[in-house]
Amino acid sequence: MKLSDILKKEQVTLSFEVFPPKATANYEAVEEAAYRVAKLKPSYMSVTYGAGGSTRSNTVKIAKGIQDKYNVTTIAHLTCVGATKERILQDLEQMREVGIENVLALRGDRPQNYEGDPFVQYHYASELVADIKEFGGMCIGGACYPEGHVESANTHTDILHLKKKVDAGCEYLTTQMFFDNNIFYNFLCKVREAGIDVPIIPGIMPITRAKQLQNAVKLSGCNVPMRFRSIVDCFGSNPMAMQQAGIIYATDQIIDLIANGIKHIHVYSMNNSNVAKGIQDNLLGLL
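Okay, so let's go over this structure. (Residues numbered from 1 in each chain as written. Predicted model: local features only at pLDDT ≥ 70, side-chain atom pairs only at ≥ 80, totals over all residues. Heavy atoms only, no water.)

The next thing to look at is helix H5 (residues 125–135). Buried residues of H5: Ala125, Ser126, Leu128, Val129, Ile132 and Phe135, and no others. Where H5 is buried, its residues meet strand E3 (74–79), helix H4 (85–97), strand E4 (102–106), strand E5 (139–144) and helix H6 (155–168). Residue Gly136 follows H5 closely and has a positive phi angle near 90°. (Buried < 20%, exposed > 50% of the residue type's maximum accessible area, 1.4 Å probe, protein only. Helix = DSSP H or I, 4+ residues; strand = E, 2+ residues; numbered from the N terminus. Contact = heavy atoms within 4.5 Å.)

Written out as structure tokens, the structure is:
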């Protein structure tokens, strides 16, 4: 099923993101972790794509397995940094062959020690979106950043780039993590004023370990409310308590979003089925 059809429904949806194993990882263990999340039967799932395409074959394999074994619609991530148009076409052909109809088009993070390519064929995600649109048959999504992309000069420029992605063919957008819902609401007003009218799906990251918060801030530069910093300070040294507190905080965010008319929520599960189930259980009756 195409995600555009799921997003047209009036009911609230809860979806999860998982990651595939790296080439050097224990494939079976990572696959089983992703499948345990799939067993929860979320509305749909997304499967990430390693920097520079490092997990490209495993991304498609995991996405196919989720669809075939658990009948859960999947989105395969696809990044274009350092990729040729020929490789992108190969990836899209592979997705089509195994029945994947949804793709999240990303520029992607540059791999470590990446020095650039004088023959680079992609500079922006909007160029990838246009090629996927020309390929045909795919529901195309993109990423957005409520607090601005770390490489953007300002919010205005960031939204202009976002508009290019939508004009090129993006049918929905999923946000980077945020920990203050007011940031999302303000962002939503700005993108609507800019004429971006596709569904905007908030991405929620349950922080269940203190180190996760440090990494999240380092990678995305996202704002952390004092309320949440206090939670980490209090429970960060107690793994069980921190996991429960992180689940509760993420649940509170989601309940507030639903109460304010947001119908579709995406959770970055980090392949942790216990965290995914904890949030899902807390939302019983709301979904």
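This part takes up a nonpolar patch on the surface. Together, Ile255, Leu286 and Leu287 make up an exposed nonpolar region whose accessible area comes to about 240 Å². Considering the arrangement of structural elements, one finds Leu286 in the segment after helix H11 (273–282). (Patch = residues over 30% accessible without salt bridge, like charges linked within 9 Å, V, L, I, M, F, W, Y side chains within 5 Å. Areas by Shrake-Rupley, 256 points an atom, 1.4 Å probe, with all protein chains shown as cover. Salt bridge = Lys/Arg side-chain N within 4 Å of Asp/Glu carboxyl O.)

Right, let's talk about the packing of helix H7 (residues 181–193) against helix H10 (residues 239–259) for a bit. Running from N to C, H7 and H10 cross one another at 35°; their axes reach a closest spacing of 10 Å. Note that H7 runs across H10; the crossing there is right-handed. Touching Asn181, Phe184 and Tyr185 of H7 are Gln253, Asp256 and Leu257, all from H10. For the contact of H7 with H10, the per-class residue count stands at 3 nonpolar, 2 polar and 1 charged. (Axes fitted to C-alpha atoms, helices over the stretch in contact; angles between N-to-C directions. Left-handed = near helix turned anticlockwise from the far one by under 90°. Nonpolar A, V, L, I, M, F, W, Y, C, P; charged D, E, K, R; others polar.)

With that out of the way, let us pick up the pattern of salt bridges. A full pass over the atoms with the stated rule returns 9 salt bridges. Taking the shortest distance from any N to any O, the salt bridge between Asp91 and Arg87 comes out at 3.9 Å. Taken together, the residues span about one helical turn, with Asp91 and Arg87 both in helix H4 at a distance of 4 residues. For the pair formed by Asp91 and Arg87, the shared burial category is buried. Between Asp252 and Arg227 there is a salt bridge, and its shortest N-O distance comes to 3.4 Å. Residue Asp252 is found in helix H10, and its partner Arg227 is found in helix H9 (residues 226–235); the two are separated by 25 residues along the sequence. A single network of salt bridges, built from pairs that share partners, joins Glu32, Arg36 and Lys39.

Further remarks concern the sheet that holds E3. Taking strand neighbours around the barrel as the criterion, the 8 strands line up as E1-E2-E3-E4-E5-E6-E7-E8 in a closed arrangement whose pairing is parallel. Looking at each pair of strands side by side, their axes are set apart by 30° on average, direction ignored. Here H7 sits on the sheet and contacts E5, strand E6 (172–177) and strand E7 (200–204); the angle it forms with E7, its principal contact strand, is near 155°. (Pairing = 2+ DSSP bridges.)

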